[in-house]
Amino acid sequence: MVQRMADNDLPVLIQGESGVGKELVARALHEQSSRCAHPFVAINCGSISRDLIESALFGHEKGAFTGAVQARMGAFEEAGEGTLFLDEIGDMPLAQQVALLRVLEGGSYRKVGGSKELVSRARVVTATHRQLNQSVAENTFREDLFYRISVLPLRIPALRERPGDISLLADYFLHLFAAKRKLSFSEPAYAKMRAHSWPGNVRELRNSIQRALVM
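Per chain, residue numbering runs from 1 following the sequence as it is written. Where local features are concerned, this predicted model is filtered to residues with pLDDT of at least 70; where side-chain atom pairs are given and counted, the filter is 80 or more; whole-chain, interface and lining totals use all residues. Just so you know, side-chain values use all the structure's heavy atoms and leave hydrogens and water out.

Trainee: Help me out: how do you make sense of the sheet that holds strand 1 (residues 12-15) in this one?
Mentor: Strand pairing in a sheet is mediated by backbone hydrogen bonds. Such pairs are either parallel or antiparallel. One open sheet accounts for 5 strands, arranged 2-5-8-1-9; its pairing is parallel. If you trace the sheet from one side to the other, it starts and ends with strand 2 (40-44) and strand 9 (152-155), each paired once. Strand-to-strand twist of the sheet, defined as the mean angle between neighbouring strand axes without regard to direction, takes the value 20°. Pairing between strands is defined by DSSP: at least two bridges between them are needed. For the purposes of this entry, the term helix denotes a DSSP run of H or I that reaches at least four residues, the term strand denotes a run of E that reaches at least two, and both are numbered from the N terminus. Looking at chain direction, strand 1 and strand 8 (residues 123-128) are connected through 4 bridges and run parallel. If you follow Ile14 over to strand 8, its bridge partner there is Ala127. It only takes one pair of heavy atoms within 4.5 Å for two residues to be counted as in contact. For helices, the axis comes from a line fit to the C-alpha atoms of the stretch in contact; other axes are also lines fit to C-alpha atoms, and the angle between any two N-to-C directions lies between 0 and 180 degrees. Running at roughly 155° to strand 1, helix 2 (residues 22-31) makes contact with strand 1, strand 2, strand 5 (83-87), strand 8 and strand 9 of the sheet.

Trainee: I would appreciate a short explanation of the pattern of salt bridges in the present structure.
Mentor: Proximity of charged atoms lets side chains of opposite charge pair with each other. Any carboxyl oxygen of Asp or Glu within 4 Å of a side-chain nitrogen of Lys or Arg constitutes a salt bridge here. Considering all chains together, one arrives at 9 salt bridges under this definition. Note that Lys111 is salt-bridged to Glu77, the shortest N-O span being 3.5 Å. Linking Lys111 in the loop between strand 6 (108-109) and strand 7 (118-119) with Glu77 in helix 4 (residues 75-79), this pair joins segments that are 34 residues apart in sequence. The buried label goes to any residue with under 20% of its type's maximum accessible area, the exposed label to any with over 50%, and the partly exposed label to all in between, with areas taken from a 1.4 Å probe on protein chains only. What makes Lys111 buried here is its relative accessible area of 14%.

Functional significance is not addressed by these values, which are geometric in nature.
Set out below in structure tokens:
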């Protein structure tokens, strides 16, 4: 699915639980596209204060607000003709969703405090751990923005839904963190890993292997 979606300009919405590797999938979409020579810019919409989201996305001019001591490029401008990855889009406040919808539909935007129209040429890939259909029903996410970003929806299954991947990932992380030690897992260890539900998904598996190597 990643390979089929990679080389076009349509927006992709990646959905999946926390820890399944949504940003890795977004990077794969970028690296397998014709935009791979251009920047990949990632913004976590859930970690930026609502007062600064528009500045982070669109940039600002000097003096646009208190603390804006110099002009700053936003993520759209930094991405150029590359890929802009908006992680945890479901946590973006409604007021800022309007501004994002405007640039996705019209392709142009203004910096905060600016008057010049800038044109976005970046491909937008979004991700969320939330069920956006439910967020739309609860009026915490705009329906028009949901349909705009989900032209190509891509669901990443939880690790418990793909137990066949657990051994493969475990071997990969063991080699990544302890290649010189020439260690391997026993069959009982693989069986125990496959029996675990992994609520933290691949991130939990990675951390567990790192912890085991230390302890």
